[in-house]
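# Examining the three-dimensional arrangement
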Amino acid sequence: MKDKTNFEFNAPAGGVTVSFGERFQASGQFDRVFKEGMSLVERTAAYLDGDGRKAAKALTGPATLLYTTESMRLTTRLLDLASWLLIRRALKDGEITPAEAQTKRARVKLQSLGRPSHIRGFADLPDGLQKLIEESFALHDRIVQLDLAMTTPGEEPTVPALTVNPVGAQISRLERAFAQKLN
């Protein structure tokens, strides 16, 4: 029995196995996801170096710390997504072997560290940063689903684990510490 996350189906009577991953990777749809991902990386870099930098200077108090934290998390998330896309494109173009792609893919962490929209003060962040964060999570969710669907037989799928958010935990400790000194 085939693992259903691979989206591979055997044709009746000795037919050929069709891999969703291989077909998707060779399709124009993959090219569109790739361009969308790289465009988001470029727009984010431009924002953080331009309008975002100006907007961050206007923030005060906890919003400044939250801006810094969320912009770092955004950058990390986008680097992971870009790495995944580049590995898949290199495999598609024949620049690396499937074994090399699997090794490189094992180093990419598609972790979901929680949605910042649930964090107190998220609404105080500049609209541009909020929009980029939301777009990055939408792309992240699509790539995680594609990654699961494109996992080949015998390859361990990397399911993003919900991990403790060390940055969020540290922010909570700081908020508690400062709240005690203010009271």
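That block above? That's the structure.
As a starting point, this report considers the structure included with it.

What counts, and at which threshold
- Residues numbered from 1 in each chain as written.
- Predicted model: local features only at pLDDT ≥ 70, side-chain atom pairs only at ≥ 80, totals over all residues.
- Heavy atoms only, no water.
- Salt bridge = Lys/Arg side-chain N within 4 Å of Asp/Glu carboxyl O.
- Helix = DSSP H or I, 4+ residues; strand = E, 2+ residues; numbered from the N terminus.
- Buried < 20%, exposed > 50% of the residue type's maximum accessible area, 1.4 Å probe, protein only.
- Phe/Tyr/Trp six-rings, centres within 6.5 Å; stacked < 30°, edge-to-face > 60°.
- Lys NZ or Arg CZ within 6 Å of the ring centre and 35° of its normal.
- Polar contact = N/O pair within 3.5 Å; in protein donor to acceptor, adjacent residues only side chain to side chain.
- Contact = heavy atoms within 4.5 Å.
- Axes fitted to C-alpha atoms, helices over the stretch in contact; angles between N-to-C directions.
- Parallel < 35°, antiparallel > 145°, perpendicular 65-115°, else oblique.
- Nonpolar A, V, L, I, M, F, W, Y, C, P; charged D, E, K, R; others polar.
- Core = buried A, V, L, I, M, F, W, Y, C linked by side-chain atoms within 4.5 Å.

Attention now goes to the pattern of salt bridges. One pass over the structure, following the stated rule, counts seven salt bridges. Arg73 is paired through a salt bridge with Glu70; the nearest N and O atoms lie 3.0 Å apart. Taken together, the residues Arg73 and Glu70, both in helix 4 (residues 62-92) and three residues apart, mark about one turn of the helix. Taken as a pair, Arg73 and Glu70 share a single burial class, namely buried. As a salt-bridge pair, Glu135 and Lys131 come within 3.3 Å of each other at their nearest N and O atoms. Of this pair, Glu135 and Lys131 both sit in helix 6 (residues 127-150), four residues apart, which is roughly one turn of that helix. Since its relative accessible area comes to 24%, Glu135 is described here as partly exposed. In this structure, a network of salt bridges that share partners links the residues Arg43, Lys131 and Glu135.

By the definition in use, this model includes one aromatic pair. Where Phe30 meets Phe34, the ring centres are 6.3 Å apart and the plane angle is 40°; that geometry is what we call tilted. Pair noted here: Phe30 and Phe34 are both in helix 2 (residues 28-49), with a separation of four residues, about one helical turn. In this structure Phe30 comes out as buried when scored by relative accessible area, which is 1%. The ring centre of Phe137 lies 3.8 Å from the NZ or CZ of Arg77, which sits over that ring.

Our focus in this paragraph is the environment of Leu110. By secondary structure assignment, the location of Leu110 is in the loop between helix 5 (98-107) and helix 6. Residue Leu110 is classed as buried on the basis of its relative accessible area, which comes to 3%. Placed 31 residues apart in sequence, Leu110 and Asp141 show a C-alpha to C-alpha distance of 9.3 Å.

Classification of Arg73 by relative accessible area gives buried; the value is 7%. Among the polar contacts listed, one links the side chain of Arg73 to the side chain of Glu70, at a separation of 3.0 Å.

Our focus in this paragraph is the environment of Tyr47. Its location among the elements puts Tyr47 in helix 2. Overall, the relative accessible area of 13% leaves Tyr47 in the buried class. With 85 residues separating them along the chain, Tyr47 and Leu132 place their C-alpha atoms 9.0 Å apart. Every residue in contact with Tyr47, bar those within four places of it in the chain, is listed here: Gly52, Arg53, Ala55, Tyr67, Pro126, Gly128, Leu129 and Leu132.

Look at helix 4 against helix 5: their axes get within 10 Å of each other, and the N-to-C directions meet at 175°. Judged by the angle between their axes, helix 4 and helix 5 are roughly antiparallel. Counted together, Trp84, Ile87 and Leu91 of helix 4 and Pro98, Ala101, Lys104 and Arg105 of helix 5 form the full contact between these two elements. Tallied by class, the residues present in the contact of helix 4 with helix 5 amount to five nonpolar, no polar and two charged.

The next subject is the side chain of Thr44. Topologically, Thr44 is positioned in helix 2. With relative accessibility at 3%, the residue Thr44 sits in the buried group. Those residues in contact with Thr44 that lie beyond four places of it in its chain are Leu74, Leu78 and Leu132.

Moving on: the nonpolar core. Core analysis: the largest hydrophobic core is formed by 38 residues, its most contacted members being Tyr67, Trp84, Leu85, Leu110, Leu129 and Ile143. A per-element tally of this core places helix 4 first, with twelve residues. Setting aside anything within four residues of it in sequence, one finds Leu85 in contact with Phe30, Val33, Phe34, Gly37, Met38 and Ile143.

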